[in-house]
Amino acid sequence: MLAVYFILSALLVGVDQWTKFKTVELIPLGATKDFIPGWFSFTHLRNTGAAWSLLEGKMIFFYVVTVTVAGVIVYFLVRNYRRSIWFSLGLSFVLAGAVGNFIDRVRLGYVVDMIQTDFINFPIFNVADSTLVVGVICIFIYVVLDEKKAKEGRNGTN
């Protein structure tokens with residue numbers, strides 16, 4: 001069962017890299033193409049920072065943090081994958097997001113961003129960013145639901 005979580009991470013990284021490759025191939029840098037008018041569009045941008053371009057240009061910092069976080073995630077996934085499907089899915093998604101953007105930073109020196117929400121003012125992001133968010137949501141669900149159940153079980157209440 002552990003292999004499923006690593007395969008999931010690899011598939012998500014593949015989707016992330018494919019969308020970035022197609023963005024670079026089909027959309028000129030800085031250009032926008034409508035996807036669902038008024039809702040979503042694709043805008044080809046380069047980001048040398050993190051979310052909202054924080055820590056722009058601090059590549060060594062991103063390399064060290066990403067390798068460290070990925071190592072910690074792999075350790076926790078291997079040691080705790082039976083604990084909860086929410087916990088394991090969360091770690092798999094966060095790992096995929098970290099690795100997807102890490103590949104860009106190493107290969108290109110920046111991260112390719114492309115997904116733009118037209119219905120709200122929000123920074124342009126990519127699939128790897130989305131997997132990070134989904135992963136954090138899964139881990140939050142684990143903390144709220146599974147840990148609550150475990151606590152109730154220890155207290156003898158159902």
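Here the structure is shown first, and the text comes after it.
Residues numbered from 1 in each chain as written. Predicted model: local features only at pLDDT ≥ 70, side-chain atom pairs only at ≥ 80, totals over all residues. Heavy atoms only, no water.

A. Quick look at the layout of surface pockets. Its volume calculated, the second largest pocket comes out at about 170 Å³. In terms of lining, the second largest pocket is formed by Trp18, Thr19, Lys22, Thr23, Leu26, Ile27, Lys33, Phe42, Met114, Ile115 and Val127. Those elements that provide at least two residues to the lining of the second largest pocket are helix 1 (2-26) and strand 3 (111-117). The dominant element in the lining of the second largest pocket, judged by the number of residues it contributes, is helix 1, at 5 residues. Partitioned by chemical class, the residues of the lining of the second largest pocket number 7 nonpolar, 2 polar and 2 charged. (1 Å grid on protein atoms, 1.4 Å probe; cavity = no way out; pocket = protein on both sides within 12 Å on 5 of 7 lines; lining within 4 Å. Points joined across faces, edges and corners; volume = space filled by probe spheres on them. Helix = DSSP H or I, 4+ residues; strand = E, 2+ residues; numbered from the N terminus. Nonpolar A, V, L, I, M, F, W, Y, C, P; charged D, E, K, R; others polar.)

B. Highlighting the side chain of serine 92. Residue placement: serine 92 occurs in helix 3 (residues 85-108). Discounting residues that sit within four places of it in the chain, serine 92 has contacts with Tyr5, Leu8, Ser9 and Leu77. (Contact = heavy atoms within 4.5 Å.)

C. Structural context of the packing of helix 1 against helix 2 (residues 59-80). Interaxial distance between helix 1 and helix 2 falls to 9 Å at its minimum, and their mutual angle equals 150°. The angle between helix 1 and helix 2 places the two elements in the roughly antiparallel class. The hand of the helix 1/helix 2 crossing is right-handed. Contact residues: helix 1 offers Leu2, Tyr5 and Phe6, while helix 2 offers Val74, Leu77 and Val78. Residues of the contact of helix 1 with helix 2, tallied by class, amount to 6 nonpolar, no polar and no charged. (Axes fitted to C-alpha atoms, helices over the stretch in contact; angles between N-to-C directions. Parallel < 35°, antiparallel > 145°, perpendicular 65-115°, else oblique. Left-handed = near helix turned anticlockwise from the far one by under 90°.)

D. Focus on the pairing of strand 1 (residues 32-36). Pairing between strand 1 and strand 2 (residues 40-47): 4 bridges, direction antiparallel. Bridged to aspartate 34 within strand 2 is serine 41. Between strand 1 and strand 2, which pair antiparallel in sequence order, lie 3 residues; one of them, glycine 38, sits at a positive phi of approximately 85°. (Pairing = 2+ DSSP bridges.)

E. Spotlight on helix 3. Over its 24 residues, helix 3 runs 34 Å from end to end, which matches the ideal 34 Å to within 8%, given 1.5 Å per residue. Taking the backbone nitrogen of tryptophan 86 as reference, a side-chain oxygen 3.0 Å away marks serine 84 as the first, capping residue of helix 3. Directly after helix 3, the chain includes glycine 109, whose backbone phi takes a positive value near 90°. (Expected span 1.5 Å × (residues − 1). Polar contact = N/O pair within 3.5 Å; in protein donor to acceptor, adjacent residues only side chain to side chain.)

F. Region of interest: the environment of phenylalanine 102. As for its placement among the helices and strands, phenylalanine 102 is situated in helix 3. The spatial distance from the C-alpha of phenylalanine 102 to the C-alpha of alanine 128 is 9.6 Å, given a sequence separation of 26 residues. Not counting residues up to four positions away in its chain, the partners in contact with phenylalanine 102 are Tyr63, Thr66 and Val67.

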